[in-house]
Amino acid sequence: MLVLLAGIFVVHIATVIMLFVSTIANVWLVSNTADASVGLWKNCTNVSCSDSLSYASEDALKTVQAFMILSIIFCVIALLVLVFQLFTMEKGNRFFLSGATTLVCWLCILVGMSIYTSRYANRDGTQYHHGYSYILGWICFCFSFIIGVLYLVLRKK
């Protein structure tokens, strides 16, 4: 049980780090010519980055930005709650709050990534392909669901 909990804790920390990288990095879409990339915040070329996103004023992008930031906040809160619960709560209720908070993080990632996928991921036909930030976002989606469910299963033990 202790080894499983340590493994889940390490994966949770990795998820937090990957969420930070995914949200901050400007490599959600990469040009097929590899000279430009588009993120949630900026357009970048080989030379520099600029704040001039062609769709920066759209509400969908602002929603994606908000939900990705919320997912980071909930993931960090879940990690802090886990550490707090390990030392303060009795055995039967120990992981319920951290599991629920992680599943809220999962839901925020789901909403943000789904909106981005439906609205922007197939932008301009075949000129762009998915970058590592976009892929990390979906990996964090999977990890946060697995972690949240495992916390709820561990609550019973």
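These figures come from a predicted structure and were not determined experimentally.

## Section: the environment of Val149
- Counting through the fold element by element, Val149 comes out in helix α4 (residues 132-154).
- Look at Val149 and you get partly exposed, because its relative accessible area is 34%.
- Taking the C-alpha atoms as reference points, Val149 and Gly99, 50 residues apart in sequence, are found 6.6 Å from one another.

## With respect to the UniProt feature "transmembrane region" (unreviewed entry) in the protein
- According to UniProt, the feature "transmembrane region" (unreviewed entry) maps to residues 7-30, 66-88, 95-115 and 135-154 in the numbering used here.
- A distance of 33 Å separates the end C-alpha atoms of residues 7-30, which is 75% helix and 8% strand.
- What you have in residues 135-154 is 100% helix and 0% strand, and the ends, taken at the C-alpha atoms, are 29 Å apart.

## What about a nonpolar patch on the surface?
- A contiguous nonpolar patch, built from Val11, Ile135, Ile139, Phe143, Phe145, Ile146, Val149 and Val153 and spanning about 600 Å² of accessible area, is present on the exposed surface.
- Examining the composition of the nonpolar patch, we find that 7 residues originate from one element, α4, more than from any other.
- With respect to the helices, strands and loops of the structure, Phe145 is situated in helix α4.
- Exposure remark for Phe145: the relative accessible area of 38% places this residue in the partly exposed category.

## Comments concerning the environment of Arg94
- Counting through the fold element by element, Arg94 comes out in the loop between α2 (59-88) and α3 (96-119).
- On the accessibility criterion, Arg94 (22% relative accessible area) is partly exposed.
- In this structure the C-alpha to C-alpha distance between Arg94 and Tyr151, which are 57 residues apart in sequence, comes to 8.9 Å.

## Here's the deal with the environment of Met113
- Assignment of secondary structure puts Met113 in helix α3.
- A C-alpha to C-alpha distance of 7.2 Å links Met113 and Trp138, two positions 25 residues apart in sequence.
- In this structure, Met113 is in contact with Trp28, Met68, Tyr134, Gly137 and Trp138, ignoring residues within four places of it in sequence.

## Thoughts on the side chain of Ser31
- Following the sequence through the fold, Ser31 ends up in strand β1 (residues 29-31).
- When sequence neighbours within four positions are dropped, the list of residues in contact with Ser31 reads Ala36, Gln127, Tyr128 and His129.

## Re the packing of aromatic side chains
- The final tally for this structure, using the stated rule, is 7 aromatic pairs.
- Between Trp106 and Phe145, the aromatic rings sit 5.0 Å apart at their centres with planes inclined by 45°, giving tilted as the arrangement. Here the residue Trp106 occupies a position in helix α3, and Phe145 occupies one in helix α4, the gap between them amounting to 39 residues.
- Grouped by ring-pair contacts, the aromatic residues Trp106, Trp138, Phe141 and Phe145 constitute a single cluster.

## Thoughts on the packing of α3 against α4
- At a minimum axis separation of 8 Å, α3 and α4 run at an interaxial angle of 155°. Considering the angle they form, α3 stands roughly antiparallel to α4. The chirality of how α3 crosses α4 is left-handed.
- Across the contact of α3 with α4, the residue classes break down as 18 nonpolar, 8 polar and no charged.

## Some remarks on the packing of α2 against α3
- One way to put it is that α2 packs onto α3 with a least axis distance of 8 Å and a crossing angle of 165°. Taken as axis vectors, α2 and α3 run roughly antiparallel relative to one another. With respect to the hand of their crossing, α2 and α3 are arranged in left-handed fashion.
- Grouping the constituent residues of the contact of α2 with α3 by class yields 21 nonpolar, 7 polar and 1 charged.

Thresholds applied
Residues numbered from 1 in each chain as written. Predicted model: local features only at pLDDT ≥ 70, side-chain atom pairs only at ≥ 80, totals over all residues. Heavy atoms only, no water. Helix = DSSP H or I, 4+ residues; strand = E, 2+ residues; numbered from the N terminus. Buried < 20%, exposed > 50% of the residue type's maximum accessible area, 1.4 Å probe, protein only. UniProt positions renumbered as here; feature names shortened; annotations may be inferred. Patch = residues over 30% accessible without salt bridge, like charges linked within 9 Å, V, L, I, M, F, W, Y side chains within 5 Å. Areas by Shrake-Rupley, 256 points an atom, 1.4 Å probe, with all protein chains shown as cover. Salt bridge = Lys/Arg side-chain N within 4 Å of Asp/Glu carboxyl O. Contact = heavy atoms within 4.5 Å. Phe/Tyr/Trp six-rings, centres within 6.5 Å; stacked < 30°, edge-to-face > 60°. Axes fitted to C-alpha atoms, helices over the stretch in contact; angles between N-to-C directions. Parallel < 35°, antiparallel > 145°, perpendicular 65-115°, else oblique. Left-handed = near helix turned anticlockwise from the far one by under 90°. Nonpolar A, V, L, I, M, F, W, Y, C, P; charged D, E, K, R; others polar.

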